[in-house]
Amino acid sequence: MMPSPSDIERARHWIDAAQRIVVLSGAGISTDSGIPDFRGPQGVWTRNPAAEKLSTIQHYLAEPEVRRAAWQARLEHSAWTAQPNRGHRALVALQRRGKLHALITQNIDELHQRAGTDAERVIEVHGTVRRCMCWHCGWRGAMQDVLQRVRDGEADPPCRQCGGILKSDTISFGQALVPEVIERAMRVASEADLMLAVGSTLQVWPVAGSVEVAHRAGARVVIMNDQATPLDALAALLLRGPIGELLPAICGA
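Residues numbered from 1 in each chain as written. Predicted model: local features only at pLDDT ≥ 70, side-chain atom pairs only at ≥ 80, totals over all residues. Heavy atoms only, no water.

A. Region of the structure containing the sheet that holds strand β9 (residues 237-239). Pairing is parallel in the open sheet, where six strands are placed in the order β3-β2-β1-β7-β8-β9. Pairing within the sheet leaves two strands with one partner each, and these edge strands are β3 (122-124) and β9. Between one strand axis and the next, the sheet turns through 15° on average, direction left out of account. Of the pairings in the sheet, the one linking strand β8 (residues 220-224) to β9 comprises three bridges and is parallel in character. When the sheet's bridge partners are listed, M224 is paired in β9 with L239. The sheet strands contacting helix α1 (residues 5-17) are β1 (21-25), β7 (194-198), β8 and β9, and the helix crosses β9 at an angle near 120°. (Pairing = 2+ DSSP bridges. Helix = DSSP H or I, 4+ residues; strand = E, 2+ residues; numbered from the N terminus. Axes fitted to C-alpha atoms, helices over the stretch in contact; angles between N-to-C directions. Contact = heavy atoms within 4.5 Å.)

B. The packing of aromatic side chains, seen in detail. Under the counting rule described, the total for this entry stands at zero aromatic pairs. The ring centre of W71 lies 4.3 Å from the NZ or CZ of R74, which sits over that ring. (Phe/Tyr/Trp six-rings, centres within 6.5 Å; stacked < 30°, edge-to-face > 60°. Lys NZ or Arg CZ within 6 Å of the ring centre and 35° of its normal.)

C. Representation of the packing of α1 against helix α10 (residues 243-251) in the model. Taken N-terminus to C-terminus, the directions of α1 and α10 make an angle of 55°; their axes are 8 Å apart at the nearest point. With respect to their mutual orientation, α1 and α10 come out oblique. Facing I8, A11, R12 and I15 of α1, the residues of α10 in contact are L246, A249, I250 and C251. In terms of residue class, the contact of α1 with α10 is built from seven nonpolar, no polar and one charged. (Parallel < 35°, antiparallel > 145°, perpendicular 65-115°, else oblique. Nonpolar A, V, L, I, M, F, W, Y, C, P; charged D, E, K, R; others polar.)

D. Looking closely at the sheet that holds strand β4 (residues 127-134). Reading across from one edge, β5-β4-β6 is the order of the three strands in this open sheet, with antiparallel pairing throughout. Across the chains shown, the open sheet's two edge strands, defined by having one partner strand only, are β5 (140-142) and β6 (166-170). Averaged over all pairs of adjacent strands, the angle between their axes in this sheet comes to 45°, without regard to strand direction. With three bridges joining them, β4 and β5 adopt antiparallel strand pairing. For R131, the partnering residue across the bridge sits in β5 and is A142.

E. Main features of the side chain of N107. Checked against the element boundaries, N107 lands in the loop between β2 (100-105) and α6 (111-115). The exposure class of N107 is buried, given its relative accessible area of 7%. Among the polar contacts made by the side chain of N107, one reaches the main-chain carbonyl oxygen of G26 at a distance of 3.0 Å. Excluding residues within four positions of it along the chain, N107 makes contact with S25, G26, A27, I29, S30 and G127. (Buried < 20%, exposed > 50% of the residue type's maximum accessible area, 1.4 Å probe, protein only. Polar contact = N/O pair within 3.5 Å; in protein donor to acceptor, adjacent residues only side chain to side chain.)

F. Seen up close, the environment of L238. With respect to the helices, strands and loops of the structure, L238 is situated in strand β9. A sequence separation of 170 residues divides L238 from R68, and the C-alpha atoms of the two residues are 42 Å apart.

G. How the structure looks around the nonpolar core. Ranked by size, the top nonpolar core spans 26 residues in total, and within it I104 and L202 carry the most contacts. Contributing elements (two or more residues each) for this core: β1, β2, α8 (179-190), β7, α9 (209-216) and β8. A per-element tally of this core places α8 first, with five residues. If we ignore the near neighbours within four places in the chain, the residues touching I104 are V22, V23, L24, S25, I123, V125, A185, V188, V207 and S210. (Core = buried A, V, L, I, M, F, W, Y, C linked by side-chain atoms within 4.5 Å.)

H. Local environment of the side chain of T117. With respect to the helices and strands, the residue T117 is situated in the loop between α6 and β3. Those residues within four positions of T117 in sequence are excluded, and the remaining contacts are V92, Q95, L100, L103, H112 and V122.

I. Summary view of the pairing of β4. Of all the eight residues making up β4, six are buried; the element is thus mostly covered by neighbouring parts of the structure. The pairing of β4 with β6 spans five bridges and is antiparallel. When the bridges of β6 are listed, C134 appears paired with L166. Between β4 and β5, which pair antiparallel and follow one another directly, the connecting turn spans five residues, one of which, G138, has a positive phi of 85°.

Pasting the structure below:
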């Protein structure tokens, strides 16, 4: 169910008046592109809690069978066929209007960039599945190149530079976030005059704290999600409904 026309109009008015909009996007913006979320009612980990093990760094590093399963899962990752949807394109429209100050994303699919958002404005706090990295020497390269090795028969391909363990260039459970990335996310949040939290459960910290930072700095906060979040009390406006319909409605896209 979509919010009332008056709530949509209020959000549109705030966007028109804003000069430095910061967006925090979560998995909910990509579900219309065919990428399932993790913690929603039909989320990957909700339906299969054991799948979390593939994304836990301690298990990944210590258990070859977990790595082999993870490589097979990467071959079938929905990001390879997903296309940007109306929600992603609505944020590009904000950029074209000169409104988008920064886009903090929890997503690893790069659909924001593929939709047309300037890569310099996108802050990927959890990395990207489209790149691969070596846990030991830090080598980075294209994920598809390594996936071709898996297709050619390497069940757990090692780094060709040092022989170390390869993984996606994403932040796994138990893996430290990149301090400079988090610092940048909090800095841009403090500079916002309007914060849009889009499709995020706001349960993953410290990135969810960017909403609190923006609120403390005086920004209006609009939370768009299909379920309640722990930070709903900070919102000047709550919009419940499909992100692919809500964002175009309030962005005029």
